[in-house]
Structure formats: structure tokens, C-alpha cells
Amino acid sequence: MQRVPNDDALDVASSCGTPSSLPPTKPFWEKVAQLLYAPRELFFIFSIKFAESTAYFAFSYIYAQYLSDEFGFSDIEAGILYGLYGLLCSVFGLIAGPAIDALDLRSALLLGTIPSFIARCGSALSREPRFIAFCSVSLLPLGAAFGLPVFALGVRRYTHPENRAFAFTVFYAVLCASSAAGGLVISVVRAKFHDGLQLFGRDLSWMRVNVLCCAFLTLYTCLISLFVRPLRVQQGVQLEEAKLEPVPKQDGGLHATLRVVYGSKPFWKLLGLSLIVSVGTRATFRHLDATFPKYFVRMFGEDAPFEVFVAVEPVLTVLLSFPVTYLLLRHRIPTYVCLIGGTLVQSFCPLALTYTSYISNLGFVSVMALGEAIWSPRLYEYSTMVAPEGFEGTFVAVTFVPQYVSAAVVGATSGVLLDTYVPETLEPGEERHPEKLWGLVAAAAFVSPVLLWLGKRRLFGDEPELQHAVAAVPQATEEDEAYEMVAITKEQDAAREEQNGMLCG
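The rules we used
- Residues numbered from 1 in each chain as written.
- Predicted model: local features only at pLDDT ≥ 70, side-chain atom pairs only at ≥ 80, totals over all residues.
- Heavy atoms only, no water.
- Helix = DSSP H or I, 4+ residues; strand = E, 2+ residues; numbered from the N terminus.
- Buried < 20%, exposed > 50% of the residue type's maximum accessible area, 1.4 Å probe, protein only.
- Contact = heavy atoms within 4.5 Å.
- Areas by Shrake-Rupley, 256 points an atom, 1.4 Å probe, with all protein chains shown as cover.
- Axes fitted to C-alpha atoms, helices over the stretch in contact; angles between N-to-C directions.
- Parallel < 35°, antiparallel > 145°, perpendicular 65-115°, else oblique.
- Patch = residues over 30% accessible without salt bridge, like charges linked within 9 Å, V, L, I, M, F, W, Y side chains within 5 Å.
- Salt bridge = Lys/Arg side-chain N within 4 Å of Asp/Glu carboxyl O.
- Core = buried A, V, L, I, M, F, W, Y, C linked by side-chain atoms within 4.5 Å.
- Phe/Tyr/Trp six-rings, centres within 6.5 Å; stacked < 30°, edge-to-face > 60°.
- Lys, Arg positive; Asp, Glu negative; His and termini not counted.
- Charge placed at Lys NZ, Arg CZ, Asp CG, Glu CD.
- Disulfide = S-S within 2.5 Å.

With respect to the overall build of the chain
Right, on to step 1. Within the chain, the regular secondary structure consists of 24 helices and four strands.
Right, on to step 2. Expressed as a percentage of the 505 residues in the chain, the buried residues total 58%.
Right, on to step 3. The contacts in the chain between residues at least 6 apart in sequence include a share of 83% that link residues at least 24 apart.
Right, on to step 4. Accessible surface computed for the chain: about 19,700 Å², of which carbon and sulfur atoms make up 65%.

Laid out in C-alpha cells, this is it:
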């Protein structure tokens, strides 16, 4: 059961609330060394995350083009299917959250990796449009719902307050590295199997070979998930003394989970925050795989290396995320400043593509990487730290709403924008207008920082300072843990009393 802080703990929490009273941040390499105290499961999670995300990106970067070239979908039809996939990932994710809390981590991992393997393997070998459409609205969203949120929950479970902030930076760096690896997989497969491959009497194009490679990566995640122990790191002791312990079960089952989670103000704040990020800034990243490849090939030629630019963005993000996170923690920048500043920077990136050149494309991915390095790791950490113990799965699932809702937003607009401003074929005298396409994308991106700024008081209150203090305190004690949870506990108690009748009914 969740521990309620006593009055002494509240006093300690209060005294820790101001930046001037916090101990100095530990040096960069000391933070790296703290990860060595983590159990092997943390590094299993990182490896599963890398393999699954590499498979995801290597498929998603060619997904729209794959639907058109291999199954005959038009730009608009491919965009609609892409959008449905993203929308259902969000819906499945919110539904799966309470189930993730009820299951042990190993079972949740297998519920995500096995459907993803079936869907990718089938998509590589099938030639039936209805089958890939079925996978896009069922198995792939189910795999995503029990995939990335569970990985983030694993980082929470297998870390200590002293090394958690830096572990989430590594978690995000792994995500970015896998994004680059996805581009590399495409480059290698296209170069080696440009004319296709014959396998068991089947003629496979280079795209199908690429999707088959994604399936094999996913198979690895299924196997390694079997070795993850459903435990967690002790929280109320020093990092050097922390051992693994069973994860406490919440009483009351699914009904209690729904009542506590959906009746809490932090949950609705996090959901609102995630949706604001998704409809604007995060959509620019989704255009990187839904819109950018087709735009790039149509502007620069059939064999133009779009995957190189796609891969540069995560490499830059990896290079920037560690020093950026370290500087933000060192100077105790509040969470809301990171989110508003990072989304604002990223919103400028589509403007680079109003000019058509390789240099402007490099500027597009560079500015995107800088913005993401500022805001994205903090949002991941924020979601797990505002979650009450035992209900992290649902809260973490909400964090990935931006990734999937933005896919729905982009899916609804990408095909129309391409068909209108950068069509595949041109009529005599007709010209392409990429500057209009990316100008509209930029205008939509600025919605996120504006709404975050307008909703600062309602969305954050005192929570950003709370999160920042927890991340910065190098010596975590029981009082620190109490400080971490006290604001959430009070808000949840009030929300439950207020909404109990409605939820129980």
C-alpha cells in the first residue's frame, strides 16, 4: 500500500522545496557510475528498448511508402491508415495502463512483444492489403500499448531516486540511438537487396526484406523478456545498500485502480499536458516518417538517401541529451521551463524546409534534435514521478499519448498535404510547393508552446519544482520519498472524495 508521509517528513519536504537549500548536483561521471548499482534487469530493459525501437523506426520510416508501393494504397489512404494506427495506439495505451499495473513486468513485456512480432513478420510476407490494414489497427497498436510504456515503467522499477533521472536520460538516448539504427537498417538493406531477394520461392522487395529484419529484432525482445525478474529496487535506503524486493500489489483490483488513477488530478494534468504536446510540437517528429521520406524522394529523386537525414536527427539528440540534461539539472531548471522552451525550439524546425536543399534538410533535423533533447526526457521522468506507487503503468502510458496521438494528427493531414503541395506526378505546367507544406506544419507546431504557456498554472502548479527537487537531491532518504509523494497524495485524496460517487456508480 502507498505510504502516507508523517508531519516530520512534510517538514523535510518543505525545507527541500527551494533550490537554494538543495545540495550541489553530482559531477557528470559520478552520475554515470551510479548506474552500475542498478540490477541487470535495467540493462535488459535498455536492450529490449533498443531492439524494439529499432524495429519500430525501421518499419515506420518506410510505412507510408510501403503501403503505396507494395499494397497499392494512395497517399491519402496510406495517411488515413497511419492515422488510425496512431489513434488506436493511444486508445489501447490508456486501456492497457491499468492492466500493466495489475500484471508483473515480465508478462506485460510479453503481451507487447509477441503481437508486434506476429504483425511485422506477417506484414513482410503477406501481399493482401486487408491483412496489413488489420495488423495496423489491431496487433501493432496492441504491441505498442504493452511496449514502450512498459519499458519506461521498467526503468522506474529498476532504479533508485539517486540514479533515476540519469537512467531516464539513458532511456531516451537509447530511443534516439535506435531511431538512428532504424535508418541504418534501411540503408544497409536497400544497398544489399536493392533488386530484392528470393526466399522460399517468394520474391521479396528490399522493403519486404527490411520489414522481415524488423521481425527478427522483435523476436529477440520476446526471448530476452523471459529473463526479466518481476521485482523492484528498494527506495527507502541509500543507493549502495538498495536490494531487489517484490513489487507490492494494490488491493481492490481493476476497479480500485480505475477509481484511484482516473480520479486523481495529477493523472488529468498529465493527460492534458501530453495531448498539448502531441497536437503540435510532437507532430513534427511524426512528419519525419509519415511525410519527409515521400517529400524527399519527390524533390531529390527516387534513390535520394532520405534515411540518412532521418538517422542524423536521433544521433544529434543522443549527443545533446546528456549534456543538456546535466546542465538543466545543474542549474535546477523547472520542468515547465524545459517543456515550454524545448517545444518552442522544436517548433521552428519545419521552417528550414521552406528552402529545398540538403543543407536546409540538415537544419531541419538539427533544430528538431535540440528541442527534443530539452523537453522529451523531462516529460518521461515527470510521468513516472507524479504517479502513485503501484499505478505507474497507467501514468506512463499517458506519457506516450503524444507519440501516438501525434501520429493520428499527422496521418489525417500528411496525405492531403503531400497530394496538394508535393504530388507524386505533375501535370504540364504544374509545380511542387514544399514551402507551403512545411509552413503549415510549422504553424501547427507552435500551438504546443503557446498552450503550455497559457496553461502553466493549471497544468503545473508546484509540481515542476517538486520534480526538479527530487531529481537534484543526491542523497535519497525516506523523507525525500515522502516529499516526492506528498503533493500527489493530497490531490488524490481530495479527488477521490470528490468523484467517488460518480466512479463507483
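Notes on the packing of helix H12 (residues 265-279) against helix H13 (residues 281-290)
Right, on to step 1. In contact at an axis separation of 3 Å, H12 and H13 are set at 50 degrees when each is read in the N-to-C sense. As the angle between them shows, H12 and H13 are arranged oblique. Taken together, the residues of H13 that come into contact with H12 (itself represented by Val-277, Ser-278 and Val-279) are Thr-281, Arg-282 and Ala-283.

Details of a nonpolar patch on the surface
Right, on to step 1. A surface patch of nonpolar side chains, amounting to about 580 Å² of accessible area, comprises Ile-76, Ile-80, Leu-84, Leu-87, Val-91, Ile-95 and Val-416.
Right, on to step 2. Sort the elements by how many residues they give to the nonpolar patch and helix H4 (residues 75-102) lands first, with six residues.
Right, on to step 3. Structurally, the position occupied by Ile-76 is in helix H4.

Structural notes on the nonpolar core
Right, on to step 1. The biggest cluster of nonpolar side chains holds 92 residues, and the ones touching the most others in it are Ile-62, Tyr-66, Val-155, Leu-288, Phe-292, Phe-364 and Trp-438.
Right, on to step 2. Of all the elements, helix H3 (residues 40-71) adds the most residues to this core, at 15 residues.
Right, on to step 3. Aside from chain neighbours lying at most four places away, what touches Trp-438 is His-287, Thr-291, Phe-292, Tyr-295, Pro-350, Leu-353 and Phe-364.
Right, on to step 4. In this structure, Val-261, Ile-340, Tyr-382 and Leu-459 belong to the second largest nonpolar core, which totals 22 residues.

Observations concerning the packing of aromatic side chains
For any two aromatic rings, the description comes down to two numbers: the centre-to-centre distance and the angle of the planes.
Right, on to step 1. In total, this model carries 20 aromatic pairs according to the counting rule given.
Right, on to step 2. By way of ring pairs, the aromatic residues Phe-292, Tyr-295, Phe-296, Phe-300, Phe-309, Tyr-358, Phe-364 and Trp-438 are connected into one cluster.

Brief notes about the pattern of salt bridges
Right, on to step 1. Summed over all chains, the structure comprises eleven salt bridges.
Right, on to step 2. One salt bridge in this structure joins Arg-190 and Glu-307, with 2.8 Å as the shortest N-O distance. Of this pair, Arg-190 sits in helix H9 (residues 164-192) while Glu-307 sits in helix H15 (residues 306-330); the two residues are 117 residues apart in sequence, bridging distant segments of the chain.
Right, on to step 3. Assessed through its relative accessible area of 11%, Arg-190 is described here as buried.
Right, on to step 4. When salt bridges with common partners are traced through the structure, they connect Arg-40, Glu-41 and Arg-229 into a single cluster.

Things to note about the packing of helix H20 (residues 434-445) against helix H21 (residues 447-454)
Right, on to step 1. Contact geometry of H20 with H21 gives a least axis separation of 5 Å together with a crossing angle of 15 degrees. By the angle between their directions, the pair H20 and H21 is classed as roughly parallel. Between H20 and H21, the residues in contact are Ala-443, Ala-444 and Ala-445 and Val-447, Ser-448 and Pro-449, respectively.

Digging into a negative patch on the surface
Right, on to step 1. On the surface, a cluster of negative charge is made up of Asp-69, Glu-302, Asp-303 and Glu-424.
Right, on to step 2. In this fold, Glu-302 is placed in the loop between helix H14 (292-300) and H15.

Here's the deal with H14
Right, on to step 1. Within H14, seven of the nine residues are buried, which leaves it mostly tucked inside the rest of the structure.
Right, on to step 2. For H14, the full list of buried residues reads Phe-292, Pro-293, Lys-294, Tyr-295, Phe-296, Val-297 and Arg-298.
Right, on to step 3. Of the residues trailing H14, Gly-301 is marked for its positive phi of about 115 degrees.

Things to note about helix H8 (residues 148-157)
Right, on to step 1. Most of H8 sits inside the fold, with ten of its ten residues counted as buried.
Right, on to step 2. Among the residues of H8, those classed as buried are Leu-148, Pro-149, Val-150, Phe-151, Ala-152, Leu-153, Gly-154, Val-155, Arg-156 and Arg-157.

Focus on the environment of Leu-328
Right, on to step 1. On the secondary structure map, Leu-328 appears in helix H15.
Right, on to step 2. Taking relative accessible area as the criterion, Leu-328 reaches 14% and is therefore assigned buried.
Right, on to step 3. Taking the C-alpha atoms as reference points, Leu-328 and Arg-378, 50 residues apart in sequence, are found 9.8 Å from one another.

Comments concerning the state of the cysteines
Here a disulfide denotes one covalent bond, and it connects the sulfur atoms of two cysteines.
Right, on to step 1. Scanning the model with the defined rule gives zero disulfides in all.
Right, on to step 2. Not part of a disulfide, Cys-213 finds its nearest cysteine sulfur in Cys-214, a span of 7.0 Å.
Right, on to step 3. Of the residues examined, Cys-214 reaches a relative accessible area of 0% and is grouped as buried.

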